[in-house]
Amino acid sequence: MNGILNILKPPGMTSHDVVSVVRKKLNIKKVGHTGTLDPNAAGVLPICVGQATKISQFLLDGKKKYRTELTLGIETDTEDIYGTITNRSSIVPENEDIERVILSFIGTYDQIPPMYSALKVKGKKLYELARAGIEIERKSRQVTIYSIDIIKIDNGKIMFDVLCSKGTYIRTLCKDIGRTLGCGGVMSFLLRIEASGFDLKTAITIEELKEIEDVKSLLLPLDFPLNHIPKVIVKSSYTKQVLNGNRIFPYYLVGNLDIPLETEVRIYLEKQFVGFGIVKCDEDGQNYIKFLRLLFERE
């Protein structure tokens with residue numbers, strides 16, 4: 001059983017909880033999620049099953065879209081509404097200033113990950129240190145905010161949609177907006193509405209998953225979220241070379257290898273998706289495809 005389940009994670013469950021439910025339902029150990037979603041948040045959580053676990057890294061690299069609510073005037077240790085309040089402010093920014101500051105975050109900026117996160121430093125998860133009352137210096141990292149659409153501003157609460165790169169903490173974005181406005185702010189709601197090509201329209205709830213008998217009918221193919229990666233098709237006469245993970249030369253392919261060097265590609269053996277590769281050049285100046293990940297091997 002190989003494929004991807006698009007699960008609508010409810011608030012109150014961890015991403016690992018969802019994986020456990022899927023393992024139990026399918027009676028299969030090879031199950032993994034593609035990017036942690038906060039326990040208090042809801043939304044799209046693609047779950048990889050079987051051979052699909054081998055492509056999870058390619059899904060982690062995809063863009064994410066969230067709907068979030070920012071509450072101004074307070075700060076907490078967790079950067080969301082569920083933490084301990086560490087600061088309050090009576091400053092009430094004008095709507096025009098709120099809009100200007102929020103939209104100023106579109107682009108690339110350096111974000112410092114929150115202490116209450118699953119990032120590891122010297123083998124310790126940050127939230128474990130935070131729970132022990134230990135705060136350490138974290139290195140900032142570049143994240144990209146591709147777009148922000150402000151939906152509503154109402155009495156210090158702002159609802160907006162944000163499309164961002166992997167590794168972006170929406171809690172931290174809310175905190176940074178609040179600090180820029182001079183009044184502080186926390187994330188008070190989070191819903192992931194898109195992740196690596198999966199959206200809410202095709203997501204199924206945990207309850208639906210538990211009730212359905214034919215789960216296989218819900219599995220999306222391994223290449224469903226990979227349309228952004230160029231595709232190459234290998235002729236069936238080179239099946240042996242492909243399933244051995246050998247180099248793929250241009251004459252193996254249906255059509256030309258008109259793809260720039262160092263470009264990652266999806267590799268198909270006729271209609272079957274068999275893995276990922278990257279375009280390289282050998283010592284004779286001949287372009288070829290080197291396998292990065294072979295999904296199916298010779299029996």
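Residues numbered from 1 in each chain as written. Predicted model: local features only at pLDDT ≥ 70, side-chain atom pairs only at ≥ 80, totals over all residues. Heavy atoms only, no water.

Across the sheet, four strands lie side by side as β15-β16-β17-β18; this open sheet has mixed pairing. For this open sheet the edge positions go to β15 (231–234) and β18 (287–294), each flanked by a neighbour on one side alone. Averaged over all adjacent pairs, the angle separating strand axes in this sheet is 40°, with direction ignored. Two elements, β15 and strand β16 (residues 264–269), share four bridges in a ladder whose sense is parallel. (Pairing = 2+ DSSP bridges. Helix = DSSP H or I, 4+ residues; strand = E, 2+ residues; numbered from the N terminus. Axes fitted to C-alpha atoms, helices over the stretch in contact; angles between N-to-C directions.)

Time to look at the environment of glutamate 213. When you line up the elements, glutamate 213 lands in the loop between α6 (206–211) and β15. Overall, the relative accessible area of 80% leaves glutamate 213 in the exposed class. Each C-alpha atom of the pair glutamate 213 and leucine 103 lies 46 Å from the other, and the pair is 110 residues apart in sequence. (Buried < 20%, exposed > 50% of the residue type's maximum accessible area, 1.4 Å probe, protein only.)

In a regular helix each residue adds 1.5 Å, so 12 residues correspond to 16 Å; helix α5 (residues 170–181) covers 17 Å between its end C-alpha atoms and thus fits that length. Of all 12 residues that make up α5, 10 are buried, and the element is covered over most of its length. Directly beyond the C-terminal end of α5, a positive phi value near 85° is found at glycine 182. (Expected span 1.5 Å × (residues − 1).)

What follows deals with the packing of aromatic side chains. Inspection of the entire model under this criterion finds 10 aromatic pairs. Considering the side-chain rings of phenylalanine 249 and tyrosine 252, the 6.0 Å spacing of their centres and the 80° angle between planes classify their relative orientation as edge-to-face. As far as burial versus exposure is concerned, phenylalanine 249 and tyrosine 252 are alike and both buried. Here the aromatic residues Tyr238, Phe249, Tyr251, Tyr252 and Tyr288 are joined through ring pairs into a cluster of three or more. Positioned above the aromatic ring of tyrosine 288 is the side chain of arginine 247, whose terminal nitrogen or guanidinium carbon lies 4.2 Å from the ring centre. (Phe/Tyr/Trp six-rings, centres within 6.5 Å; stacked < 30°, edge-to-face > 60°. Lys NZ or Arg CZ within 6 Å of the ring centre and 35° of its normal.)

The subject of this paragraph is the pattern of salt bridges. Counted under the stated rule, the structure contains seven salt bridges. The shortest N-O distance in the salt bridge between arginine 179 and glutamate 75 comes to 2.8 Å. Note that arginine 179 is positioned in helix α5 and glutamate 75 in strand β5 (residues 74–76), a separation of 104 residues in sequence. The exposure class of arginine 179 is exposed, given its relative accessible area of 52%. Measuring nitrogen to oxygen at the nearest pair gives 3.8 Å for the salt bridge that ties glutamate 79 to lysine 175. Here glutamate 79 is found in the loop between β5 and β6 (85–88), whereas its partner lysine 175 is found in helix α5, with 96 residues between them in sequence. Considered together, glutamate 79 and lysine 175 belong to a single accessibility category, that of buried residues. Each member of the salt-bridge network shares a partner with another, and the members are Glu79, Lys175 and Asp176. (Salt bridge = Lys/Arg side-chain N within 4 Å of Asp/Glu carboxyl O.)

Time to look at the side chain of aspartate 161. Take aspartate 161: it is sitting in strand β11 (residues 157–164). Of the polar contacts made by the side chain of aspartate 161, one reaches the side chain of arginine 67; its length is 2.7 Å. (Polar contact = N/O pair within 3.5 Å; in protein donor to acceptor, adjacent residues only side chain to side chain.)

Moving on: the UniProt feature "active site" (unreviewed entry) in the protein. Those residues carrying the UniProt feature "active site" (unreviewed entry) are Asp38 in this numbering. Tracing the backbone through its elements, the reader meets aspartate 38 in the loop between β2 (31–33) and β3 (42–49). You can call aspartate 38 partly exposed: its relative accessible area is 24%. With near-sequence residues (within four places) excluded, aspartate 38 lies in contact with Lys9, Met13, Arg171 and Met187. (UniProt positions renumbered as here; feature names shortened; annotations may be inferred. Contact = heavy atoms within 4.5 Å.)

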